[in-house]
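# Tertiary structure, described
Next come the chains, spelled out residue by residue.
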Amino acid sequence: MHVSFSPRDEAFRDEVRAFFASEFPSELRQKIDRGIPLERDDYIGYQKLLHARGWFAADWPVEYGGTGWTPVQKYIYASEMAAAEAPDVVAFGVKMVGPVIYTFGSDEQKKRFLPDILESNVWWCQGYSEPGAGSDLASLKTRADLDGDAYVLNGTKTWTTLAQYADWIFVLARTNTDVARRQEGISFLLVDMQTPGITVRPIITLDGEHEVNEVHFEDVRVPVGNLVGEEGKGWTYGKVLLQHERTNLAGVGRSKARLRKLRNRCTEPVHGGQPLASDRNFMRRLAATEVELKALEFTELRTLAAVAAGKAPGPESSILKIKGTEVSQAIDALTMDAAGYYALPFVPGQYVDGFDESQFIGDGKEALTSLHYFNNRKASIYGGSNEIQKNIVAKHVLGL
Amino acid sequence: MDFSLNDMQAMLGESIDRFIANEYDFETRQAHAASERGFSPAVWQTFAELGWTVVPFAEADGGFDGTAVDLMVVMERLGRGLVVEPYLPNLVLAGGVLKRTATDAQRARWLQPLIGGERHAALAFAEPHARYGIGDIRTVARADGDGWRISGDKTYVLNARNAHDIVVPARVGDPSGDVGLFVVERAATGLEILDYPTVDGLQAADLRLRDVAVGADARLGAGDDALSVLETVVDEAILAVCAEAVGILQVLVDKTVDYSKNRVQFGVPIGSFQALQHRMVDMLTGLEQTRSLLWWATMTYAEGGDDAKRAVSAVKYQVGTTGRRIAEEAVQLHGGMGVTWELDVAHYFKRLIAIGRVFGDADWHLDKLAG
Ligand SMILES: Cc1cc2nc3c(=O)[nH]c(=O)nc-3n(C[C@H](O)[C@H](O)[C@H](O)COP(=O)(O)OP(=O)(O)OC[C@H]3O[C@@H](n4cnc5c(N)ncnc54)[C@H](O)[C@@H]3O)c2cc1C
């Protein structure tokens, strides 16, 4: 047993590291360092930069414009991106609908949609959840009824992340209600957000941000050519997508970067007073979280080693999402606790370009720490809640 | 042994409950929080008219001669209603100092109108460098002619945005001097108030005092042990916010159980899943354990028991740990709804998190308990 990467992988790591060190745009760096939220164009510019380097579609096969990287290379790439505190790419196009299209779509769909995803010309959003169908996604009610050359879409999707930016949405809708299993009547449709009959209503989250939406469809005509694969097979395609969602879901790299920063800050005086290191209870909690994270890192590496050796990922992969979100939420809490009273001002307005710094409350990003903590409660809720993950482990791993 | 409320306390509690049920639903609360001053002056007047603002004060001051238990009754109810009106900063904090230290003339000028609801006040109990240390004060008041000149920085001064009068603790003479307490009126030159809303819908401010001149009569309780007054007031305030927290936790447990009975997934209410039932049992257990510590601490404090300080730290630690866990669970079990601005649960959660750190977080109080 050993844990070092091969010389080739190390060379690759140095290449990725050098790229992020020298090519990552300084405007974005500044925004991130000052806690200014990234906007649509920031993401698009960043993704175009990655694409120019040939790295944007890290997980795609070469024939569709992907990298053809080994699992280890993908791991290294994601780790370096996180260590550099570069943002994740927006998942909906490149990590979600893209793989569904190149796996199940027609040649025409591949030609029509994949290039725009690769070049970040089109922003996608994910229309799965509904007000009545969250954990129990198969109970979804949005209907797509065939009428001539189009499906007529009616229903409501909710929690749709960044739908306000989206050009297209991929939707799971019911095309047949007369089926033995609820999953069987569901189809996978690609829908242009400009189609008449679509309304997007913002949902404000507890941190005051506009990140999710309700998307309402009223008699929206979707050309039959926008059905992916076969009618009624959408559930199977959607599940494939969830497997793609599962790569790098532990967020180890990001958690490592955040804990490292927090620990570095611990020896500095806080607002001219004692350093955090003088608070032993805090330091013990920090250390305990570091231990959890180290364990998680090795759990992830064990999965990686299995996959790299051509084996199916073992039970350890199922626990990555649960533990990964627990650890990231523990880091949110520690970071907020580190800020003391300065975690409490609700001053999102000071994290914008050109804010008068003499009016700044707290140092740097302290007032954002609680907002991040509040916002990231979502991590254990979305993408299959941690309770649902545990049900899956109980059933499929433990055979209960 | 008797853990029941007396008639007066029961009546007080019921009248606040009634007010909240009839006139203070969540939408109203949100509107008050988002209004110009961050609370409703009309509601504050109602509090004064109904006699709730006099609870923590002596009969001689026109008060109710309330004990720590009476204050607990009030604060738990205000917690349940998620009330934003500044009961704590006005009456428990600033009022707590004034009632212990003010001369007759000072009472007439600052305390009476405060109790009457005509003036607002604040206590600047925190400094940026001090984390949660109450006595860790660098602000200095230097004698200047008859009066004083005060310089220093304060943070998280609750209600400073609306306060006419701010009680400012400062070292007298030089940075190693004794602690003194001074009233700075908001118009004072050299006082800069950087106010902000807080994540839990309240109002606070950072203060920059630069050679702020106040008269001799601005000093409260000269000759008293001002630091010990300050510590006592903060202990009372800790009990008050812990009572508020118990009210909040009660609501979070109730709302979560209720939601789990009504939210259907997989064809059944999610409350029928044993995995979630056990989680809600843990929430309830945590709530009752917290309430027990609150009662112990409040009674011990009211009776002046030897371990009053330990009791105060114990319940504060519990709110910071168990309370936080209960609130996080409430959000988790509400699924996506739990993280929306629209739902009251998220706002109870945020207030609970803020309470978890005001006057010291769990780490801070565990350290005191560890000795
Ligand atoms: C910020 C955010 C962004 C999102 N983005 C998107 C998006 O872009 N597109 C999209 O389609 N969806 C999105 N979602 C939706 C997300 O996938 C759902 O919120 C999630 O599936 C949970 O569904 P729910 O909110 O309806 O909760 P519910 O399913 O009602 O669950 C409520 C609680 O019950 C628990 N529970 C439910 N069933 C069981 C069970 N059988 N056993 C034990 N416990 C159970 C849950 O774990 C949860 O704690 C997003 C959600 C959030 C919060």
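With that out of the way, let us pick up the overall build of chain A. Counting its regular elements, chain A contains 12 helices and 7 strands. A globule of 400 residues ought to have a C-alpha radius of gyration of about 21 Å, and chain A, at 22 Å, matches this closely. Here the C-alpha coordinates of chain A stretch approximately 70 × 55 × 45 Å along the principal axes. For chain A, the residues scored as buried account for 50% of the 400 residues in total. Across chain A, the fraction of contacts at a sequence separation of at least 24, relative to all contacts at a separation of at least 6, is 70%. Accessible surface, chain A: about 18,200 Å² in total, of which carbon and sulfur atoms supply 54%. Between the centroid of the 45 positive side chains of chain A and the centroid of its 53 negative side chains there is a distance of 6 Å.

This brings us to the overall build of chain B. Of the regular secondary structure elements, chain B holds 11 helices and 10 strands. Against the compact-globule benchmark of 21 Å for 371 residues, chain B has a radius of gyration of 21 Å, which places it among compact chains. Seen through its principal axes, chain B has C-alpha atoms that stretch 80 × 45 × 40 Å. Pairs at least 24 residues apart make up 73% of the contacts formed inside chain B by residues separated by at least 6 positions. When the 35 positive and 52 negative side-chain charges of chain B are each reduced to one mean point, those points stand 5 Å apart.

Looking now at helix α4 (residues 71–83) of chain A. Residues and elements named next belong to chain A. For α4, built from 13 residues, the straight-helix expectation of 18 Å at 1.5 Å per residue is met to within 8% by its first-to-last C-alpha distance of 18 Å. Listed in full, the buried residues belonging to α4 are Val72, Gln73, Tyr75, Ile76, Tyr77, Ala78, Glu80, Met81 and Ala82. Taken together, the buried residues of α4 touch α1 (7–23), α3 (40–52), α8 (252–265) and α9 (280–308). In the segment just after α4, glutamate 85 is the residue with positive phi, at about 55°.

Before going further, it helps to examine the interface of chain B and chain A. Listed as interface residues are 48 residues of chain B and, on the opposing side, 53 residues of chain A. Between chain B and chain A, the buried area comes to about 4,100 Å², and carbon and sulfur atoms account for 56% of it. Taken together, the links from chain B to chain A amount to 5 salt bridges. Across the pair Asp337(A) and Arg357(B) runs a salt bridge whose closest N-O atoms are separated by 2.6 Å. On inspection of chain B and its partner chain A, the count reaches 28 residue pairs in polar contact (both at pLDDT 80 or more). Top element by residues in the side of chain B that touches chain A is helix α10 (residues 344–357) of chain B. It accounts for 6 residues.

Inspection of the region around the ligand gives 29 residues, with Ser135(A), Thr161(A), Ser385(A), Glu387(A) and Arg263(B) positioned closest. Neighbouring residues of the ligand are distributed over chains A and B. Take Gln265(B): an N or O atom from its side chain is 3.5 Å from an oxygen atom of the ligand. Measuring from an oxygen atom of the ligand, one finds a backbone N or O atom of Gln332(B) at 2.8 Å. When the ligand sits alone it has 980 Å² of accessible area, and the protein chains cover 94% of it.

Residues and elements named next belong to chain B. Position of aspartate 211 relative to the elements: it lies in strand β7 (residues 203–214). Exposure remark for aspartate 211: the relative accessible area of 45% places this residue in the partly exposed category. Note: C-alpha distance between aspartate 211 and glycine 190 (21 residues apart in sequence) is 6.0 Å. Not counting the four nearest positions on each side in its chain, aspartate 211 is found in contact with Arg149, Ile150, Ser151 and Thr189.

Turning next to the packing of helix α5 (residues 87–101) of chain B against helix α6 (residues 104–115) of chain B. All names here are of chain B. For the pair α5 and α6, the least separation of the axes is 10 Å and the interaxial angle reads 155°. One element, α5, and the other, α6, form an angle in the roughly antiparallel class. Note that α5 runs across α6; the crossing there is left-handed. Facing α5, whose interface residues are Asn90, Leu91, Gly95, Leu98, Lys99 and Thr101, α6 presents Gln106, Arg107, Trp110, Leu111 and Leu114. Looking at the contact of α5 with α6, its residues break down into 5 nonpolar, 4 polar and 2 charged.

Right, let's talk about the packing of aromatic side chains for a bit. Evaluation of the coordinates by the stated rule reveals 41 aromatic pairs over all chains. When the ring of Tyr373(A) is compared with that of Phe374(A), the centres are 5.4 Å apart and the planes differ by 65°; the resulting orientation is edge-to-face. Per residue, the accessibility class of Tyr373(A) equals that of Phe374(A), and both read buried. Consider the rings of Tyr373(A) and Phe349(B), whose centres lie 5.8 Å apart with planes at 40°: the pair is tilted. Placement of the pair is Tyr373(A) in helix α11 (residues 366–375) and Phe349(B) in helix α10, with the two residues belonging to separate chains. Its relative accessible area of 0% is what places Tyr373(A) among the buried residues. You can call Phe349(B) buried: its relative accessible area is 0%. The residue whose ring lies beneath Lys99(B) is Phe57(B), and the NZ or CZ to ring-centre distance is 5.4 Å.

Before going further, it helps to examine the pattern of salt bridges. All told, the structure shown has 53 salt bridges over all chains when counted by the stated rule. For the salt bridge of Lys323(A) with Glu326(A), the shortest nitrogen-to-oxygen distance reads 3.0 Å. With Lys323(A) and Glu326(A) both in helix α10 (residues 318–338), this residue pair falls 3 residues apart, about one helical turn. The salt bridge partner of Glu192(B) is Arg208(B), with a shortest N-O separation of 3.6 Å. You can see Glu192(B) sitting in strand β6 (residues 191–197) and its partner Arg208(B) sitting in strand β7, a full 16 residues away along the chain. Residue classification places Arg208(B) among the partly exposed residues on the basis of a relative accessible area of 24%.

Attention now moves to the domain arrangement of chain A. Residues and elements named next belong to chain A. By domain assignment, chain A separates into domain 1 (7–89), domain 2 (124–233) and domain 3 (249–396). One C-alpha centre belongs to domain 2, the other to domain 3, and the line joining them spans 32 Å. In this assembly, 5 residues from domain 2 lie in contact with 7 residues from domain 3. Approximately 520 Å² of surface area, both sides summed, lies buried where domain 2 meets domain 3, with 55% of it carried by carbon and sulfur atoms. Linking glutamate 211 and lysine 378 is a salt bridge whose minimum nitrogen-to-oxygen distance equals 2.5 Å.

Reading the values: rules and limits
- Residues numbered from 1 in each chain as written.
- Chains lettered and ligands numbered in written order.
- Predicted model: local features only at pLDDT ≥ 70, side-chain atom pairs only at ≥ 80, totals over all residues.
- Heavy atoms only, no water.
- Helix = DSSP H or I, 4+ residues; strand = E, 2+ residues; numbered from the N terminus.
- Rg over C-alpha atoms; globule rule 2.2 N^0.38 Å.
- Buried < 20%, exposed > 50% of the residue type's maximum accessible area, 1.4 Å probe, protein only.
- Contact = heavy atoms within 4.5 Å.
- Areas by Shrake-Rupley, 256 points an atom, 1.4 Å probe, with all protein chains shown as cover.
- Lys, Arg positive; Asp, Glu negative; His and termini not counted.
- Charge placed at Lys NZ, Arg CZ, Asp CG, Glu CD.
- Expected span 1.5 Å × (residues − 1).
- Buried area = accessible area lost by both parts, 1.4 Å probe.
- Salt bridge = Lys/Arg side-chain N within 4 Å of Asp/Glu carboxyl O.
- Polar contact = N/O pair within 3.5 Å; in protein donor to acceptor, adjacent residues only side chain to side chain.
- Near = heavy atom within 4 Å.
- Axes fitted to C-alpha atoms, helices over the stretch in contact; angles between N-to-C directions.
- Parallel < 35°, antiparallel > 145°, perpendicular 65-115°, else oblique.
- Left-handed = near helix turned anticlockwise from the far one by under 90°.
- Nonpolar A, V, L, I, M, F, W, Y, C, P; charged D, E, K, R; others polar.
- Phe/Tyr/Trp six-rings, centres within 6.5 Å; stacked < 30°, edge-to-face > 60°.
- Lys NZ or Arg CZ within 6 Å of the ring centre and 35° of its normal.
- Domains from an automatic or database assignment.

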